[in-house]
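Residue-level structural notes
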Amino acid sequence: MQNSGLQYLSASTDASETRSPNQHLLPLTAKVNPQDHLEIGGCDVTALVEQFGTPLYIVDETTLRTACQQYREAFKRHYPGESLVLYASKAWNCLAICAIVASEGLGIDVVSGGELYTALQAGVPPQKTYLHGNNKSSEEIQLAIENECTVVADNWSDLKILAQLSQQSIVDHPIRVMIRFTPGIECHTHEYIRTGHLDSKFGFDPGQLDEVFQFISQQPGLVCIGVHAHIGSQIFELQPHEDLGYVIIDTLTKANQYGLNLSEVNIGGGLGICYTESDDPPSIEEWVKIVTDSIVNACQQKQYPLPRLLCEPGRSIIGSSCVTAYTVGSQKQVPGIRTYIAVDGGMSDNPRPITYQSLYRVVLANQMSAPMTEPVTLAGKHCESGDILIKDAQLPKVESGDILVVMATGAYNYSMASNYNRLSKPAAILVNDGDANVIIERESYQDLIGKDRLPERLTLNP
Ligand code: LLP
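If you're wondering where the values come from, they're calculated on a predicted model, not measured in any experiment. (Residues numbered from 1 in each chain as written. Predicted model: local features only at pLDDT ≥ 70, side-chain atom pairs only at ≥ 80, totals over all residues. Heavy atoms only, no water.)

1. Notes on the domain arrangement of the chain
- The domains assigned to the chain are domain 1 (5–60 + 320–449) and domain 2 (79–313).
- One C-alpha centre belongs to domain 1, the other to domain 2, and the line joining them spans 33 Å.
- Of the roughly 2,100 Å² buried at the junction of domain 1 and domain 2 (both faces included), carbon and sulfur atoms supply 63%.
- The interface formed by domain 1 and domain 2 holds one salt bridge in total.
- Taken together, the links from domain 1 to domain 2 amount to nine residue pairs in polar contact (both at pLDDT 80 or more). (Domains from an automatic or database assignment. Buried area = accessible area lost by both parts, 1.4 Å probe. Salt bridge = Lys/Arg side-chain N within 4 Å of Asp/Glu carboxyl O. Polar contact = N/O pair within 3.5 Å; in protein donor to acceptor, adjacent residues only side chain to side chain.)

2. Re the sheet that holds strand S1 (residues 31–32)
- In space, the three strands of this open sheet follow the order S1-S2-S3, with antiparallel pairing throughout. Single-partner strands in this sheet number two, and they are S1 and strand S3 (43–44).
- By the bridge criterion, two bridges tie strand S2 (residues 38–40) to S3 in an arrangement that is antiparallel. Bridging from a neighbouring strand, glutamate 39 pairs with aspartate 44 of S3. (Pairing = 2+ DSSP bridges. Helix = DSSP H or I, 4+ residues; strand = E, 2+ residues; numbered from the N terminus.)

3. Describing the packing of aromatic side chains
- All told, the structure shown has seven aromatic pairs when counted by the stated rule.
- Both rings, one in tyrosine 57 and one in tyrosine 414, keep their centres 5.8 Å apart while their planes meet at 80°; by these two values the pair is edge-to-face. Of this pair, tyrosine 57 sits in strand S4 (residues 56–60) while tyrosine 414 sits in the loop between strand S18 (403–406) and strand S19 (427–432), and the two are 357 residues apart along the sequence. In terms of burial, tyrosine 57 and tyrosine 414 fall into one category: buried. (Phe/Tyr/Trp six-rings, centres within 6.5 Å; stacked < 30°, edge-to-face > 60°. Buried < 20%, exposed > 50% of the residue type's maximum accessible area, 1.4 Å probe, protein only.)

4. Section: the pattern of salt bridges
- Taken as a whole and judged by the stated rule, the model has 19 salt bridges.
- We note a salt bridge from arginine 361 to glutamate 277, for which the minimum N-O separation is 2.9 Å. Here arginine 361 is found in the loop between helix H11 (352–356) and strand S15 (362–364), whereas its partner glutamate 277 is found in the loop between strand S11 (264–266) and helix H9 (284–302), with 84 residues between them in sequence.
- Judged by relative accessible area, glutamate 277 falls into the partly exposed class, the value being 47%.
- Residues aspartate 392 and arginine 338 are paired through a salt bridge, measuring 3.5 Å at the closest nitrogen-oxygen approach. A residue pair is termed long-range when its members are at least 10 positions apart, and aspartate 392 in strand S17 (residues 388–395) and arginine 338 in strand S14 (residues 338–343) qualify at 54 residues.

Now the structure itself:
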């Protein structure tokens, strides 16, 4: 049988389905309707495109909520102590996504004042909000502590700002601090998204921890609640996460020597997702089982009481719940070499292929069962030769006006989007049970110049 867009669906509709969202290429509600169109969240993608235009991020609420629930439930099942899953909102931080995740009981990890402000505006409880970042400003830290969020200290600069702020008594509650360190664990992922090896800009070097614990134990206004480590992103191996459990519990016992009674550990995120049919990440359940077992075993070995266990996945929560719809425009055939199919977006709405050589898959949403007979290259519309979304894609014959859907675009697409070539950022819609709501409006040309200022002396038409 010739491949068609249906190949990405068939397994998802299997009744004995046990895979988690990160193991699917399409959102869990994806179907093909009698018109042979792709349907997501009960909405025909071609109708969504008619109503909202392209490029269009389409977020499936069911898939997003399922990922949150699977993490939450798996921790409850496998961890005998207290646990909290934080959503690493750098993957996609906006009001609606923060609100959905928080309504599932998850907390949020933010890495800037902007992400923090958004999460708070979305109603995320501050007690479940953790501020990260390797170069936080004093204002960002102040915003976090005034709102009673926890600050994850990444370096001496953070600790000094925290100590100063605590001495100024600008808040009358204890300031909750975690210490992030680099655990020295290697994993196989793109070098730009690896963070746990020792030569990383994030976190304290393990050799500095004695001094750090000593310092913080002498700060009456700071309460050191625990330690944090994250080893990298888009990881398919489980071993590094198992190793991390032991390293992190070792660090807790070290803090003990300075009279610090740490009761929380955060083992970061990193679970990978499927971008192509050959990707085979572990399920959420498998990942949680490994990390919880390793923490439990390490605590037993060290005779340390079970800490409150936090993790902070981003990609595996939002990644598979979203697709991006584009309209096909021009085509160019280079005889004997390749055919370029151009769409109306590209590196500005999905910078991952040009940044990390990431692979994606695409389907023809208005003709899902058409055989994929054409080897093509899917190009964006930016003035940059490297603006290629998919180098060797398989598609049916397509024409200008056809609707293409690139899958698994929920993580680090919108959040890394730009206005390169002054393209407007696309709209994002949330689909659920046949309803579609705009969660981010498409930028207008007016929005694009909204922050430009034209000094009077440059005005050409007075
Ligand atoms: N926690 C920390 C401290 C992190 O640095 C990250 C990701 C996460 C959690 C979430 O990791 P995840 O579960 O999403 O793998 N822009 C890159 C990914 C950068 C990841 C940065 N840190 C990409 O598009 O692949």
